[in-house]
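Each chain is listed here by its residues.
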Amino acid sequence: MNGRVLLLSFLIVLAGCAAPIDPGFADTATPTTQSTGQTTAAPATQTQTPTPQATPTAVVAQDNPWQEQTLTVALSIPEGDSRDYEPLVEAALAYWEVNSERYAGYPLSFDFEPNAENPDIIIEFVPHVETCGDKREVAGCAPYITDARQVRRPETIQVLSGLSDKSTTHVLKHEFGHAMGLDHSDEPRSIMDGQASLTTLPQTNATERPLPWDHAELSVYVDYGVVPEGERAEARAQVQHALDYYAGGADNYVPENVSFATVDSASEADIVIRFTDRSPCGVDPGSCGAVRGQDPDGDGALETYTHLEITLTHIDRDATGWHVGWWLGYGFGFEEESEYPDPFREASYSDRRGEWWN
C-alpha cells in the first residue's frame, strides 16, 4: 500500500446534438422552359449538328443529408493559441474519406480550407465545451445530422483544445461521425462510443506543484477502531499535533492556506487515518500510506491527488503524531527524506516520541 495509485486517464463524455428540421424545406423545383414566341429560320446550307459533350458531375448518394459529395471545412482557433491543429484535422478527415461509405452509407470527401469564407463546417477549438444538448462538460460537440432539412451552413463542430494529439484526433473523428448521421450505438464503436479515456497535453506532476490537491481545505476522517478507550485521548492529541503542524505551514514547506476539517465518514474524506491490528503493507508494526489521484496526461505520474490513506499498526502512542506527520508530508508531494521538513529528517527513536511539532 506504500505507493501512489494511478487512476486511468480521465473518462470523458463525447456528444452530438440533434439538429432541428426546418419545416419549410422544399425539394429543388424542376426548372421550367420559357419561350420568347420567336422562331429562327434554318440556314439554306446543310451543316453538321455538333455532338454535345457531357460535363462530368459527382453523383450524390440519396442517403447523403448534406446533398453534396465534397464538404468545405474551415478552422477556428482561440486567440493566442499557437498550437498547430491542422495535421490533426487532416488526419480525421482522411479517415472519414476512406470510411464514410462503409459506416455512414454514402461517400464523402472534404476540402480543408482553414480560412474558407463560406464553409460547410467550421471546426472550433475551445477551452471548454460547456453543454451539448443535455450533456455537460464534454470533450466535443457536433450536430447530429440525418436529414437534409437539418443542415444550417456553416455547421459548427466544437472540440476541447487542451487534449493530446491522439485524443484530439479521436474527438474529431467522433464528432464528424455525428455530423454524418452516426450515433453512439453505431459502428465503428471504437470511435462512436459515447465515452472515451482521453489524455491532455502534458501537465505538471503533483509532486512538482506547491499543492498537489485541487483545493486547500482537506477533509479528514480518523478511524480509532482498535485504540483502547483509555488511550484514545492521547491518540487524538497526537493526530491533532500533526494536522496543526501542516495547517501552520510546516515550517514553510506547504502553502499557508492549507487547513483541515474533520468529517464523519471515510467516504467524505480526502484523508483517511486508520488504526488497525493488521497492516496492509507488512507483518511488522509500523505505518504506511498511499495516495490516489488523476493522471489526465497519461504519463504514468499523478497530476492531482484526490485521496490519502494512512494506516498505523501497533505504533507507540507517543510516536503516533510523527508517523501521521510523515505520511501527511507524503500527501503533500514529498518523495525523498531530504524534501521533508526538519522534524522528519534522520529522526531518532526519541525524536519521534518528543515534541517534534514545536
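Residues numbered from 1 in each chain as written. Predicted model: local features only at pLDDT ≥ 70, side-chain atom pairs only at ≥ 80, totals over all residues. Heavy atoms only, no water.

**Q** What's the story with the environment of Glu117 in this structure? I'm lost.
**A** As for its position among the elements, Glu117 is in the loop between β4 (109-112) and β5 (121-126). The exposure class assigned to Glu117 is exposed, which follows from its relative accessible area of 75%. In this structure, the C-alpha to C-alpha distance between Glu117 and Thr72, residues 45 residues apart in sequence, is 9.8 Å. (Helix = DSSP H or I, 4+ residues; strand = E, 2+ residues; numbered from the N terminus. Buried < 20%, exposed > 50% of the residue type's maximum accessible area, 1.4 Å probe, protein only.)

**Q** Would you explain the nonpolar core in this entry?
**A** As a rule of thumb, soluble globular proteins bury nonpolar side chains together. Tyr246, Phe260, Ile271, Ile273, Phe275, Leu328 and Phe332 are the most contacted members of the largest nonpolar core, which totals 43 residues. When residues of this core are traced back to their parent elements, those giving at least two are β10 (217-223), α4 (232-247), β12 (271-276), β13 (286-294), β14 (304-313) and α5 (320-331). A per-element tally of this core places α4 first, with six residues. Filtering out sequence-adjacent residues up to four positions away, Ile271 remains in contact with Trp213, Leu218, Ser219, Val220, Tyr221, Phe260, Leu308, Ile310 and Leu328. Within the second largest apolar cluster, 42 residues are counted, among which are Leu108, Val129, Met192 and Leu198. (Core = buried A, V, L, I, M, F, W, Y, C linked by side-chain atoms within 4.5 Å. Contact = heavy atoms within 4.5 Å.)

**Q** Explain helix α2 (residues 165-179) to me, please; I cannot follow it from the model alone.
**A** Given 3.6 residues per helical turn, the α-helix brings residues three or four places apart onto the same face. Counted at 1.5 Å a residue, the expected span for α2 with its 15 residues is 21 Å, and the 21 Å between its end C-alpha atoms agrees. Counted residue by residue, α2 has 13 buried out of 15 residues, so it is predominantly covered. One or two residues past the end of α2 sits Gly181, with phi positive at roughly 100 degrees. (Expected span 1.5 Å × (residues − 1).)

**Q** What is the right way to read the pairing of β4 from this model?
**A** Consecutive side chains of a regular strand alternate in pointing toward one face of the sheet and then the other. Only one face of β4 is covered, namely the one carrying Phe110 and Phe112; the face carrying Ser109 and Asp111 has none of its residues buried. Remark: the strand β3 (residues 70-76)/helix α1 (residues 86-104)/β4 crossover connection has right-handed handedness. (Right-handed = clockwise from strand over helix to strand, strands pointing away.)

**Q** Is there a simple way to think about the side chain of Ser164 in this case?
**A** Its location among the elements puts Ser164 in the loop between β8 (155-160) and α2. Judged by its relative accessible area of 12%, Ser164 falls in the buried class. There is a polar contact of 2.7 Å between the side chain of Ser164 and the side chain of Thr199. Apart from the residues within four sequence positions on either side, Ser164 is in contact with Arg83, Thr199, Thr200 and Leu201. (Polar contact = N/O pair within 3.5 Å; in protein donor to acceptor, adjacent residues only side chain to side chain.)

Fair warning: the whole summary comes from geometry, so function is off the table for now.
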